[in-house]
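Report on the structure
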Amino acid sequence: MLEMLRKRLLDALDGCRVRPCPDAELDEQPRLDACADENEFASRVVEVGMQIALRRRLEERRGEIEAALKRMDTGCYGDCEECGEEIGLARLMANPTAQLCVHCQADNERGRLRRCA
Ligand SMILES: [Zn+2]
């Protein structure tokens, strides 16, 4: 069962490596050349902003997946980082990168909401 989850994580990791658009040069910092046409400039600003947001999201996701794979190697995968209890298979199947059990996750979210209030 763990092997199946590992495979899902590896698949997801592969997915993170796929470039959303073959033409997008994600390795290079998107360039914003001064542009004579204001409208074109504005749409390029939006485009570059979206590329950056997308790349950041992919990097975050990749970090979560790599952390989960590392936990599998060290044998603590599936244990809640807060309370040490098992996270539970159903939850891991739904979200293989989960680090907290349902209860701690709920506490965590409540705490965050309280801080924001
Ligand atoms: Zn917990």
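Residues numbered from 1 in each chain as written. Predicted model: local features only at pLDDT ≥ 70, side-chain atom pairs only at ≥ 80, totals over all residues. Heavy atoms only, no water.

**Things to note about helix H1 (residues 2-17)**
Applicable threshold: Secondary structure elements follow DSSP: runs of H or I of four or more residues count as helices, runs of E of two or more count as strands, with numbering from the N terminus. Residue count minus one, scaled by 1.5 Å, sets the expected span of a helix. Any residue under 20% of the maximum accessible area for its type is buried, any over 50% is exposed, and the rest in between are partly exposed; the area is computed with a 1.4 Å probe on protein chains only. Directions pointing from the helix axis toward each C-beta atom define the arc. By definition, residues are in contact when any of their heavy atoms lie within 4.5 Å.
With 16 residues, H1 extends 23 Å between its outermost C-alpha atoms, agreeing within 8% with the 22 Å of an ideal straight helix rising 1.5 Å per residue. Burial in H1 covers these residues: Leu-5, Leu-9, Leu-13 and Cys-16. One side of H1 holds all its buried residues, which, seen down the axis, span an arc of 85°. The outward face of H1, more than 90 degrees from its buried face, is lined by the exposed residues Glu-3, Lys-7 and Arg-17. The inward-facing, buried residues of H1 abut helix H2 (38-74) and helix H3 (89-94).

**A few points about the coordination of the zinc ion**
Rule in force here: Atoms of type N, O and S within 2.8 Å of a metal are treated as its donors, and for Na, K and Ca the window is 3.2 Å; water is not considered, so some sites may appear to be missing partners. A site with four donors is called tetrahedral when every donor-metal-donor angle falls between 85 and 135 degrees; four donors are called square planar, and six octahedral, when opposite donors sit more than 155 degrees apart and all other angles fall between 65 and 115; any other arrangement is irregular.
Distances from the zinc ion to its protein donors, Cys-80 (SG), Cys-83 (SG), Cys-101 (SG) and Cys-104 (SG), fall within 2.2 to 2.3 Å. Around the zinc ion, the 4 donor atoms are arranged such that angles at the metal cover 103 to 114°; this shape is classified as tetrahedral. Taken in sequence order, the residues that donate to the zinc ion follow the motif C-x2-C-x17-C-x2-C. Of the two residues, Cys-101 and Cys-104, neither departs from the other in class, the shared state being buried.

**Here's the deal with the environment of Glu-60**
Along the polypeptide, Glu-60 turns up in helix H2. C-alpha of Glu-60 to C-alpha of Cys-16: the two residues are 44 residues apart in sequence and 9.7 Å apart in space.

**Re the nonpolar core**
Rules: Remark: nonpolar core denotes a set of buried residues (Ala, Val, Leu, Ile, Met, Phe, Trp, Tyr, Cys) joined through side-chain atoms within 4.5 Å. Domain limits in this description derive from either an automatic procedure or a database domain assignment.
Counting residues in each nonpolar core, the largest one holds 16 residues, and the members touching the most others are Leu-9, Ile-65, Leu-69, Met-72, Tyr-77, Cys-80 and Leu-92. Going through the elements one at a time, H1 and H2 are the ones with two or more residues in this core. Residues from two domains meet in this core; each of domain 1 (1-76) and domain 2 (78-117) gives at least three. When neighbours within four sequence positions are excluded, Tyr-77 is seen to be in contact with Leu-2, Leu-5, Leu-9, Ala-68, Arg-71, Met-72, Leu-92 and Pro-96.

**Remarks on the confidence of the model for the protein chain**
Which entries qualify depends on this criterion: For every residue, the pLDDT score states the predictor's confidence, bounded by 0 at the bottom and 100 at the top.
Of the residues in the protein chain, 81% have a pLDDT of 70 or more, and the chain-wide mean is 86. Across the protein chain, the secondary-structure element scoring lowest on mean pLDDT is helix H4 (residues 102-116), at 86, and the one scoring highest is H3, at 94.

**So, the side chain of Thr-97**
Relative to the helices and strands, Thr-97 is located in the loop between H3 and H4. Residue Thr-97 is classed as buried on the basis of its relative accessible area, which comes to 6%. With sequence-adjacent residues up to four places away left out, Thr-97 is seen in contact with Leu-9, Arg-61, Glu-64, Ile-65, Ala-68 and Arg-71.

**Quick look at the packing of H1 against H2**
We count it as follows: The angle between two axes is taken between their N-to-C directions and runs from 0 to 180 degrees, where each axis is a line fitted to C-alpha atoms and a helix contributes only its stretch in contact. For this classification, under 35 degrees means roughly parallel, over 145 means roughly antiparallel, 65 to 115 means roughly perpendicular, and everything else is oblique. Note on convention: near helix rotated counterclockwise from far helix by under a right angle means a left-handed crossing. Clockwise means right-handed.
Where H1 contacts H2, the two axes come as close as 10 Å, and the packing angle between them is 155°. It follows that H1 is roughly antiparallel to H2 by the angle criterion. The interaxial crossing formed by H1 with H2 has left-handed handedness. Contacts between H1 and H2 involve Leu-2, Leu-5, Arg-6, Leu-9, Leu-10, Ala-12, Leu-13, Cys-16 and Arg-17 from the first element and Leu-58, Arg-61, Arg-62, Ile-65, Glu-66, Ala-68, Leu-69, Met-72 and Asp-73 from the second.

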